Amino acid sequence: RYTFKTSQELLKFVGGQFNINSNSIIVVQHFVTPRAGGSKKEAAKVNTYAALKERAQRVMEVRNKKPNVLLLDFIGSPTLEDQLKFIRELNGVK
């Protein structure tokens, strides 16, 4: 699945219908596209530290693996600091 119309729809989505154990690379598409070009307002809701962490945790519970790639729309919205904090934590960097 590649598009989400609302932030609530995105945050509930964990992954597609494929063999979970055979995929060594987990790509999480973490962006809302209610219209062409995306929405900075919706990105601000889903790009927070708490939302990123919650979604990654759900993906890890289902996939038994950490995401390798996280695709964000409107990086820096709401804050780059939140996003970098999450990425550092996910990768075990202090």
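Residues numbered from 1 in each chain as written. Predicted model: local features only at pLDDT ≥ 70, side-chain atom pairs only at ≥ 80, totals over all residues. Heavy atoms only, no water.

Draft legend 1. Representation of the overall build of the protein chain. Tallying secondary structure elements over the protein chain gives four helices and two strands in all. Along the protein chain, helices (α) and strands (β) appear in the sequence α-β-α-α-β-α when read from the amino end. Relative to its full complement of 94 residues, the protein chain shows a buried share of 32%. The long-range fraction of contacts in the protein chain, counting pairs at least 24 apart against all pairs at least 6 apart in sequence, stands at 75%. (Helix = DSSP H or I, 4+ residues; strand = E, 2+ residues; numbered from the N terminus. Buried < 20%, exposed > 50% of the residue type's maximum accessible area, 1.4 Å probe, protein only. Contact = heavy atoms within 4.5 Å.)

Draft legend 2. Quick look at unusual backbone geometry. In this model, S77 is joined to P78 through a cis peptide bond whose omega is 10 degrees. With respect to the helices, strands and loops of the structure, P78 is situated in the loop between β2 (69-72) and α4 (80-90). Although it is not a glycine, N64 adopts a positive phi angle of roughly 60 degrees. Looking at the element boundaries, N64 is found in the loop between α3 (49-63) and β2.

Draft legend 3. Here's a closer look at the side chain of Q83. With respect to the element layout, Q83 can be found in helix α4. The class of Q83 is buried, set by a relative accessible area of 1%. Within the structure, the side chain of Q83 is placed 2.8 Å from the backbone nitrogen of G76, a separation counted as a polar contact. (Polar contact = N/O pair within 3.5 Å; in protein donor to acceptor, adjacent residues only side chain to side chain.)

Draft legend 4. Region of interest: α4. Turning to α4, its buried residues number three or more, namely Q83, F86 and L90. The buried residues of α4 occupy one face: seen down the axis, they fall within an arc of 65 degrees. In the segment just after α4, G92 is the residue with positive phi, at about 70 degrees. (Arc of directions from axis to C-beta.)

Draft legend 5. Seen up close, the packing of aromatic side chains. What the rule picks out here adds up to zero aromatic pairs. One cation-aromatic arrangement involves K85 over Y49; the distance from NZ or CZ to the ring centre is 4.3 Å. (Phe/Tyr/Trp six-rings, centres within 6.5 Å; stacked < 30°, edge-to-face > 60°. Lys NZ or Arg CZ within 6 Å of the ring centre and 35° of its normal.)

Draft legend 6. How the structure looks around the environment of S77. Along the chain, the position of S77 falls in the loop between β2 and α4. Residue classification places S77 among the buried residues on the basis of a relative accessible area of 6%. Along the primary structure S77 and K45 are separated by 32 residues, whereas in three dimensions their C-alpha atoms are 8.5 Å apart. The residues touching S77, leaving out its near neighbours within four places in the chain, are K40, A43, A44, N47 and Q83.

Draft legend 7. Quick look at empty space enclosed by the protein. Inspection of the entire model under this criterion finds one cavity of 30 Å³ or more. A volume near 50 Å³ is recorded for the largest cavity. Lining the largest cavity are V28, H30, L52, R55, A56, P67, L70, F86 and L90. For the lining of the largest cavity, the secondary-structure elements that each account for two or more residues are β1 (27-30), α3 and α4. With three residues, the single largest contributor to the lining of the largest cavity is α3. Partitioned by chemical class, the residues of the lining of the largest cavity number seven nonpolar, one polar and one charged. (1 Å grid on protein atoms, 1.4 Å probe; cavity = no way out; pocket = protein on both sides within 12 Å on 5 of 7 lines; lining within 4 Å. Points joined across faces, edges and corners; volume = space filled by probe spheres on them. Nonpolar A, V, L, I, M, F, W, Y, C, P; charged D, E, K, R; others polar.)

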